[in-house]
Amino acid sequence: MARKKKTVDLDRDHGIAPGLVAKTKKRLVVVSGRSHPELAQDVAVALGTQLAPTEHRTFASGEIYTRFEVSIRGCDVFVVQSFGNPVNEWLMELLIMLDALKRASAKRITVVAPYFPYSRQDKKGRGREPISARLVADLLHTAGADRVMSVDLHAAQIQGFFDGPVDHLFAKPVLQDYFERTISEADRAALTVVSPDMGRVRVADTWSDSLGAPLAIIHKRRDPKVANQVTVHEIVGDVEGRVCLLVDDMIDTGGTIVKAAQALKENGAQKVIVAATHAIFSDPATKRLQDASIDEVVVTDSIPLPPERRFPGLTVLPIAPLLARAIHEVFEDGSVTSMFDGAA
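Everything in this summary refers to the structure shown in the same document. Please read these numbers as outputs of a predicted model, since none were measured by experiment.

Here we look at unusual backbone geometry
Right, on to step 1. Residue proline 86 follows asparagine 85 across a cis peptide bond; omega there is 5°.
Right, on to step 2. Considering the arrangement of structural elements, one finds proline 86 in the loop between strand 4 (76-80) and helix 3 (87-103).
Right, on to step 3. Looking along the chain, the bond that leaves aspartate 283 and enters proline 284 is cis, with omega of 5°.
Right, on to step 4. Inspection of the secondary structure puts proline 284 in the loop between strand 12 (271-279) and helix 9 (285-288).
Right, on to step 5. The phi dihedral of tyrosine 118 falls on the positive side, at around 65°, and the residue is not glycine.
Right, on to step 6. For tyrosine 118, the location among the structural elements is in the loop between strand 5 (108-112) and helix 4 (132-143).
Right, on to step 7. Even without a glycine there, the phi angle at aspartate 333 is positive, about 55°.

Here it is, written out as structure tokens:
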């Protein structure tokens, strides 16, 4: 009589709970809101995929409707939504998309918001003020976001407002590559990096190190009771006869940048070049930035910039390759930090 073969539970012998192994693999899916579809399309192309077909509607009452036309179940979804005008409508659309993704059983949802809305309201400057950046982070988390990816946050502490991973990307490699290719040797020898205010000194200092150029700082005072008005006081550092590279995270109405450029020219600067990540360009920014004190403005396309807000002397650089690389690192469980030499 043949002996009965002994069945061995190898999982149990190795201390692993008995179960089933799924044959499914991770699937990266990119979806887009209506705020900046061109950017989302560029990101998808850079990743070698297509945008998931999505139905968007705005009813006569102003209410927003979103439905994904294909199955999202078990997918690693990256939602690309930028925040140009109207900011509040695009924020509401993003929240509705997150809710739809959560209810469609997406495995992980990452919000890719190149410009984080309400990022300037990151602290209380006076009594009875909101901290709106924290509110936005709470809304995203409650709606279903597991992770947030953004570029050049106005303040680094915003990362701590979100209860989950935050990938803080920097546009500096994109901008720096452009300047290294276009600035002449003579201008490079006379280059000085300028911080438009005390809040951007740390960022300007990294530019100074990377370009091997001295650093100058503009001291300004802003009236907390009057929005978008700045008074330039003095310049710390030598700018006479220098090619000044003004670096900032965003340009809204352009008041700060123009006054800074005028102060630099009044103090003997030979040329003023402005580099910023987010071109919000609220009126009257387009007119202001064509001031004689500014020789060139270089921004990224993190925010949609219609033709009527563009002007001679403006250069717009693509941010999609940077976003695509970061998305790929997150999806493959790689290192986003390695993209920025450990700074992210």
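Observations regarding the sheet that holds strand 1 (residues 28-32)
The strands making up a sheet associate through backbone hydrogen bonding, with each pair oriented either parallel or antiparallel.
Right, on to step 1. Strands sit in the order 1-4-5-6-7 across an open sheet of five strands; the sheet is parallel. The sheet is open, and its two edges are formed by strand 1 and strand 7 (166-169), each paired on a single side. Strand-to-strand, the axes of this sheet are offset by a mean angle of 20°, without reference to chain direction.
Right, on to step 2. Examined bridge by bridge, strand 6 (residues 147-151) and strand 7 share four bridges and lie parallel to one another. Directly across from valine 148, in strand 7, lies its bridge partner valine 166.
Right, on to step 3. In this fold helix 10 (residues 320-331) packs onto strand 1, strand 4, strand 5, strand 6 and strand 7, with an angle of close to 155° to the strand it touches most, strand 6.

A few points about the packing of aromatic side chains
Right, on to step 1. Overall, the coordinates contain five aromatic pairs when judged by the stated rule.
Right, on to step 2. Taken together, Tyr178, Phe179 and Trp207 form an aromatic cluster joined through their ring pairs.
Right, on to step 3. The residue whose ring lies beneath lysine 26 is phenylalanine 331, and the NZ or CZ to ring-centre distance is 4.7 Å.

What about empty space enclosed by the protein?
Right, on to step 1. Under the counting rule described, the total for this entry stands at one cavity of 30 Å³ or more.
Right, on to step 2. Quantified by volume, the largest cavity comes out at close to 40 Å³.
Right, on to step 3. Together, Phe116, Val148, Leu153, Ile158, Gln159, Phe162 and Val166 line the largest cavity.

Thresholds applied
Residues numbered from 1 in each chain as written. Predicted model: local features only at pLDDT ≥ 70, side-chain atom pairs only at ≥ 80, totals over all residues. Heavy atoms only, no water. Helix = DSSP H or I, 4+ residues; strand = E, 2+ residues; numbered from the N terminus. Pairing = 2+ DSSP bridges. Axes fitted to C-alpha atoms, helices over the stretch in contact; angles between N-to-C directions. Contact = heavy atoms within 4.5 Å. Phe/Tyr/Trp six-rings, centres within 6.5 Å; stacked < 30°, edge-to-face > 60°. Lys NZ or Arg CZ within 6 Å of the ring centre and 35° of its normal. 1 Å grid on protein atoms, 1.4 Å probe; cavity = no way out; pocket = protein on both sides within 12 Å on 5 of 7 lines; lining within 4 Å. Points joined across faces, edges and corners; volume = space filled by probe spheres on them.

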